[in-house]
Amino acid sequence: MTTLLVIFGISLILSLILSPLIGRLGTRFGAVDIPSSRKVHTKPIPRTGGLAIFIAFMLTLLISTFFMTKVSDLLILDRQNIFIFVGAAICFATGLVDDFHRLKPGIKLLFQAVSASVAFSGGLRIDQFVIMGTIIGFGFSSYFITILWFILFINAVNLVDGLDGLATGVVFFTSAVMVVLAVMGQNFLSALLFSALGGAVLGFLRYNFNPATIFLGDGGSYFLGYAVAGISIMGSVKSQVGAALLIPLLALGIPLFDTILSPLRRFV
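Conventions used here
- Residues numbered from 1 in each chain as written.
- Predicted model: local features only at pLDDT ≥ 70, side-chain atom pairs only at ≥ 80, totals over all residues.
- Heavy atoms only, no water.
- Core = buried A, V, L, I, M, F, W, Y, C linked by side-chain atoms within 4.5 Å.
- Buried < 20%, exposed > 50% of the residue type's maximum accessible area, 1.4 Å probe, protein only.
- Helix = DSSP H or I, 4+ residues; strand = E, 2+ residues; numbered from the N terminus.
- Contact = heavy atoms within 4.5 Å.
- Salt bridge = Lys/Arg side-chain N within 4 Å of Asp/Glu carboxyl O.
- Expected span 1.5 Å × (residues − 1).
- Bend = angle between axes of the 7 residues up to and from the residue.
- Patch = residues over 30% accessible without salt bridge, like charges linked within 9 Å, V, L, I, M, F, W, Y side chains within 5 Å.
- Areas by Shrake-Rupley, 256 points an atom, 1.4 Å probe, with all protein chains shown as cover.
- Phe/Tyr/Trp six-rings, centres within 6.5 Å; stacked < 30°, edge-to-face > 60°.

### Looking at the nonpolar core
(1) Moving on: Counting residues in hydrophobic clusters, the biggest one holds 61 residues, and the most contacted among them are Phe-150, Leu-192, Leu-193, Leu-197, Phe-223, Leu-224 and Tyr-226.
(2) Moving on: If one sorts the elements of this core by residue count, helix α7 (residues 188-208) sits on top with 12 residues.
(3) Moving on: Setting aside its immediate chain neighbours within four residues, Leu-197 contacts Phe-57, Val-171, Ser-175, Phe-223, Leu-224, Ala-227 and Val-228.

If you want it as structure tokens, here you go:
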């Protein structure tokens with residue numbers, strides 16, 4: 001438990017330091033949200049906050065490898081973890097590019113699917129659902145269910161990122177709950193990852209509360225959605241598959257539901 005608290009603290013401090021620096025960088029290079037009649041802010045706000053969260057998260061994990069504790073030793077560069085991090089980088093980079101140069105929706109969806117496919121190729125997949133002793137296997141459809149899971153979370157966090165501190169606040173409380181559940185289930189790798197994610201998000205929240213001085217941006221919302229989706233699958237083992245997957249679904253229930261209905265409403 002001490003290791004998790006230290007990791008949370010390191011990530012929090014890094015995020016607190018990096019967020020304003022990254023904000024100034026975003027302003028310098030023109031990645032800003034311009035005020036309009038539909039927006040509350042009255043001056044351009046940098047939308048590069050996701051870069052601060054991403055760097056704080058990854059740097060914390062790198063630092064944790066030097067702890068040499070039973071928990072930190074679980075973080076090894078095996079095939080699954082490498083593919084997860086590569087997928088995260090692809091997903092984050094897609095959103096970050098969109099923050100600087102607007103991409104077409106189809107392009108963004110394509111790269112979201114690519115990032116999820118990379119994670120799936122590394123072994124991160126939903127191949128069955130277990131709840132109350134009942135096992136439901138997905139077989140060949142596991143790929144499509146896993147891709148849909150990632151895309152739903154990525155776009156749900158992006159969709160809810162409309163009010164200052166809302167998306168990051170939801171992700172922080174989701175991470176906190178998942179840390180507790182992971183510790184209770186003896187899944188300390190997931191607890192470590194959610195601790196680092198929660199610390200990075202909380203540090204960023206210091207600058208994202210109303211009135212915000214920096215926005216999450218698509219890079220940040222894409223990465224947070226990918227991270228919650230991916231780490232949740234890592235935490236779903238054996239009989240806990242159902243419960244571990246239901247928690248983030250409940251936490252992001254409204255935006256997930258809206259993500260599903262929005263394209264249907266537009267089509268109609």
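From this point, the discussion proceeds with the structure in view.
### Notes on the pattern of salt bridges
(1) Moving on: Taken as a whole, this structure holds 4 salt bridges when the rule is applied.
(2) Moving on: Between Lys-108 and Asp-98 there is a salt bridge; the shortest N-O distance is 3.5 Å. In this pair, Lys-108 is assigned in helix α4 (residues 105-121) and Asp-98 in helix α3 (residues 79-100), connecting sequence segments 10 residues apart.
(3) Moving on: Assessed through its relative accessible area of 1%, Asp-98 is described here as buried.
(4) Moving on: Measuring nitrogen to oxygen at the nearest pair gives 3.5 Å for the salt bridge that ties Asp-218 to Arg-102.

### Quick word on the side chain of Ser-72
(1) Moving on: Within the secondary structure, Ser-72 sits in the loop between α2 (49-64) and α3.
(2) Moving on: Beyond its immediate stretch of four places on either side in the chain, Ser-72 contacts Thr-3, Ser-64, Phe-67 and Leu-192.

### What to know about helix α1 (residues 2-28)
(1) Moving on: Between its first and last C-alpha atoms α1 spans 39 Å; for 27 residues at 1.5 Å apiece the expected length is 39 Å, and the two agree.
(2) Moving on: At Leu-18, α1 shows its maximal bend, which comes to roughly 30 degrees, and the proline Pro-20 appears one to four places after that position.
(3) Moving on: Among the residues trailing α1, Gly-30 stands out with phi positive, at a value near 85 degrees.

### Quick notes on the environment of Thr-2
(1) Moving on: Following the sequence through the fold, Thr-2 ends up in helix α1.
(2) Moving on: Accessibility expressed as a relative area gives 59% for Thr-2, which makes it exposed.
(3) Moving on: Placed 69 residues apart in sequence, Thr-2 and Val-71 show a C-alpha to C-alpha distance of 9.6 Å.

### Description of a nonpolar patch on the surface
(1) Moving on: Taken together, the side chains of Ile-55, Leu-59, Leu-62 and Phe-66 define a hydrophobic patch exposed on the protein surface, amounting to about 380 Å² of accessible area.
(2) Moving on: Along the chain, Phe-66 falls in the loop between α2 and α3.

### Here we look at unusual backbone geometry
(1) Moving on: In this model, Met-68 sits at a positive phi of 55 degrees, which is unusual for a non-glycine residue.
(2) Moving on: Along the chain, Met-68 falls in the loop between α2 and α3.
(3) Moving on: The exposure class assigned to Met-68 is exposed, which follows from its relative accessible area of 69%.

### Focus: the packing of aromatic side chains
(1) Moving on: Considering all chains together, one arrives at 8 aromatic pairs under this definition.
(2) Moving on: Taking 5.1 Å as the distance between ring centres and 80 degrees as the angle between the ring planes, the aromatic pair formed by Phe-120 and Tyr-143 counts as edge-to-face. Pair noted here: Phe-120 is in helix α4 and Tyr-143 is in helix α5 (residues 142-160), with a separation of 23 residues, a long-range link.
(3) Moving on: For Phe-120, a relative accessible area of 14% gives the class buried.
(4) Moving on: Accessibility expressed as a relative area gives 31% for Tyr-143, which makes it partly exposed.
(5) Moving on: Consider the rings of Phe-150 and Tyr-226, whose centres lie 5.0 Å apart with planes at 40 degrees: the pair is tilted.

### Considering helix α6 (residues 166-184)
(1) Moving on: Here α6 is 19 residues long and its end C-alpha atoms lie 27 Å apart, about the 27 Å a rise of 1.5 Å per residue gives.
(2) Moving on: All of the buried residues along α6 are Ala-167, Thr-168, Gly-169, Val-171, Phe-172, Thr-174, Ser-175, Met-178, Val-179 and Ala-182.
(3) Moving on: Looking one or two residues past α6, Gln-186 carries a phi angle of roughly 60 degrees, positive in sign.

Geometry only, nothing functional implied.
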